[in-house]
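Working through the structure, step by step
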Amino acid sequence: MTQLENKRALVTGGGNGIGRATCKLLAEHGARVAVADFKTEAAEETVTQIKAAGGEAIALTVDVGDPDQVAAMTAEMVSAFGGVDILFCSAGGGSAADGPVTEMDLDEFWRTIRVDLFGTILCCRNVIPEMVKAGGGSIITMSSLRAILGSEGFDAYTSSKGGIISLTRAMAVTWARHNIRVNALAPGMIMTDRIKDLIPPDHPVIQKMLLGAGAPEDVSHLVLYLASDASRLMTGNIIPLDGGASIY
Ligand SMILES: NC(=O)c1ccc[n+]([C@@H]2O[C@H](COP(=O)([O-])OP(=O)(O)OC[C@H]3O[C@@H](n4cnc5c(N)ncnc54)[C@H](O)[C@@H]3O)[C@@H](O)[C@H]2O)c1
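Residues numbered from 1 in each chain as written. Predicted model: local features only at pLDDT ≥ 70, side-chain atom pairs only at ≥ 80, totals over all residues.

1. A look at the overall build of the protein
Worth spelling out the cut-off: The numbering of helices and of strands both runs from the N terminus, where a helix is a DSSP run of H or I of at least 4 residues and a strand a run of E of at least 2. Partly exposed residues are those whose C-beta has more than 12 but fewer than 20 other C-beta atoms within 10 Å; 20 or more makes a residue buried and 12 or fewer makes it exposed, with C-beta atoms placed from the backbone. Contact between two residues is assigned when their C-beta atoms, built from the backbone, lie within 7 Å.
Helix and strand counts for the protein stand at eight helices and seven strands. Based on the C-alpha atoms only, the size of the protein along its principal axes is roughly 45 × 35 × 30 Å. Split into buried and exposed, the 248 residues of the protein put 48% on the buried side. When contacts within the protein are restricted to residue pairs at least 6 apart in sequence, long-range pairs at least 24 apart make up 73% of them.

Written out as structure tokens, the structure is:
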């Protein structure tokens with residue numbers, strides 16, 4: 001299938017979990033994929049898997065919270081593929097140092113704001129001018145079900161993911177005139193290795209997921225849709241992917 005033929009995709013956090021599954025699916029559907037991660041070996045492993053399946057990909061090392069590194073990453077992507085049509089900002093995630101506002105580690109607050117929120121801002125800031133040059137594009141940001149539901153214990157993470165929702169809507173309004181669409185994902189529990197280590201299997205959010213917890217591949221198919229021209233009328237949407245948790 002070549003739903004993304006001639007498209008050039010940049011995926012941050014592409015070395016693991018949801019990012020890796022998405023890089024592989026986008027490549028399978030014809031996109032040339034830049035796999036960006038601060039773990040170089042993990043990004044390279046994703047590229048190896050894509051190439052073994054006949055796809056085209058490059059690995060880029062980046063800390064998405066560092067303005068100079070994000071500028072360099074974007075320049076490398078443009079030099080390799082000639083531009084950017086799809087940006088998926090998956091780099092990020094909470095940690096055990098988070099908690100309620102009264103207890104959270106304040107360094108953890110700034111870490112998640114820096115990586116998840118500021119990292120998304122930096123990637124969009126660098127990539128949007130390239131999309132304008134290309135005549136349009138699709139940006140998929142990564143929020144979380146936690147930013148939609150009230151949920152306990154991850155107030156730093158929830159703050160950063162809430163910011164991504166507002167940012168997504170603002171960017172969707174600003175850039176529609178340049179044919180750039182911006183949508184946010186709000187997944188429930190997706191059982192990546194990181195989540196298996198962090199979250200007990202009987203966690204209340206998992207119990208609210210009527211269809212059970214998700215897999216990285218569940219998210220990748222939604223990104224594929226949002227990245228493709230099939231979703232040409234979708235922008236500014238915050239899309240729960242949660243097995244029914246947000247309506248239950
Ligand atoms: N897994 C879930 O249940 C779930 C639910 C909702 C939202 N999310 C979000 O989805 C995204 C991916 O989550 P995941 O579970 O696949 O995590 P993961 O840990 O499997 O993958 C995240 C990747 O991001 C990379 N990364 C982290 N900080 C980075 C930085 N500063 N610069 C560049 N790369 C960096 C990591 O090296 C890793 O490869 C995160 O933004 C997370 O908040 C996940």
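Picking up after the structure, the text goes on.
2. Some points on the nonpolar core
Our working rule: Put simply, a nonpolar core is buried Ala, Val, Leu, Ile, Met, Phe, Trp, Tyr and Cys residues tied into one set by C-beta atoms within 7 Å.
Ranked by internal contacts, the top residues of the largest apolar core, which has 65 residues, are Leu10, Leu26, Val33 and Val35. Top contributing element to this core by residue count: helix H4 (residues 106–134), with nine residues.

3. Digging into the sheet that holds strand E1 (residues 8–12)
Applicable threshold: Only when DSSP finds a minimum of two bridges between them are two strands counted as paired. Every angle, taken between N-to-C directions, lies between 0 and 180 degrees, and every axis is a line fitted to C-alpha atoms, over only the stretch in contact when it is a helix.
Here seven strands make up an open sheet; going across it, the order is E3-E2-E1-E4-E5-E6-E7 and the pairing parallel. Two strands lie at the open edges of the sheet, namely strand E3 (56–61) and strand E7 (238–241), each paired on one side alone. Averaged over neighbouring strand pairs, the angle between their axes works out to 20° when direction is ignored. Here three bridges tie strand E4 (residues 86–89) to strand E5 (residues 137–142), and the two strands are oriented parallel to one another. Across the sheet, Phe88 pairs through a bridge with Ile140, a residue of E5. Across the sheet, helix H8 (residues 216–227) lies against E1, E4, E5, strand E6 (180–187) and E7, angled at about 150° from E5, the strand it touches most.

4. Describing the site of the ligand
To keep things clear, this is the line we draw: Placing the C-beta atom from the backbone, one calls a residue near a molecule or strand if that atom lies within 6 Å of it. Polar here means any residue outside two lists: the nonpolar Ala, Val, Leu, Ile, Met, Phe, Trp, Tyr, Cys and Pro, and the charged Asp, Glu, Lys and Arg; Gly therefore counts as polar.
Of all residues adjacent to the ligand, which total 30 residues, the nearest are Gly13, Asn16, Gly17, Gly92 and Thr192. Every element with two or more residues in the shell around the ligand is listed here: helix H1 (17–28), H4 and helix H6 (193–198). Across the shell around the ligand, the residue classes tally to 12 nonpolar, 13 polar and five charged.

5. Considerations on helix H5 (residues 155–175)
Applicable threshold: How far a helix is expected to stretch is found by multiplying one less than its residue total by 1.5 Å.
Over its 21 residues, H5 extends 30 Å from the first C-alpha to the last, a length consistent with the 30 Å expected when each residue adds 1.5 Å. For H5, the complete set of buried residues consists of Asp155, Ala156, Tyr157, Thr158, Ser160, Lys161, Ile164, Thr168, Met171, Ala172 and Trp175. Those residues of H5 that are buried lie in contact with H4, E5, E6 and E7.

6. Observations concerning the environment of Asp105
Residue placement: Asp105 occurs in the loop between E4 and H4. When the C-alpha positions of Asp105 and Asp63 are compared, they lie 21 Å apart, and in sequence the two are 42 residues distant.

7. Details of H1
Look at H1: 17 Å from first C-alpha to last across 12 residues, which is about the 16 Å you get at 1.5 Å a residue. Those residues of H1 that sit buried are Gly17, Ile18, Gly19, Arg20, Ala21, Thr22, Cys23, Lys24, Leu25, Leu26 and Ala27.

8. Some points on the environment of Thr61
Residue placement: Thr61 occurs in strand E3. Taking C-alpha positions, Thr61 is 9.6 Å from Ala72, a pair spaced 11 residues apart along the chain. The residues contacting Thr61, other than those within four sequence positions of it, are Phe38, Thr40 and Ala43.

9. As for the packing of H1 against H8
Stated formally: With respect to orientation, any angle under 35 degrees is reported as roughly parallel, any angle over 145 as roughly antiparallel, any angle of 65 to 115 as roughly perpendicular, and every other angle as oblique. By definition, any crossing whose near helix is turned counterclockwise from its far helix by less than a right angle is left-handed, and any crossing with a clockwise turn is right-handed.
Relative to each other, H1 and H8 sit at 50°, their axes nearing to 8 Å. Taken together, the axes of H1 and H8 are oblique relative to one another. Pair H1 / H8 crosses with right-handed handedness. Counted together, Gly17, Ile18, Ala21, Thr22, Leu25 and Leu26 of H1 and Pro216, Glu217, Val219, Ser220, His221, Val223, Leu224 and Ala227 of H8 form the full contact between these two elements. A per-class count over the contact of H1 with H8 returns nine nonpolar, four polar and one charged.

10. A word on the environment of Ile128
Looking at the secondary structure, you find Ile128 in helix H4. Separated by 41 residues in sequence, Ile128 and Leu87 place their C-alpha atoms 9.2 Å apart. Other than its neighbours up to four places away in sequence, Ile128 contacts Trp175 and Ile180.

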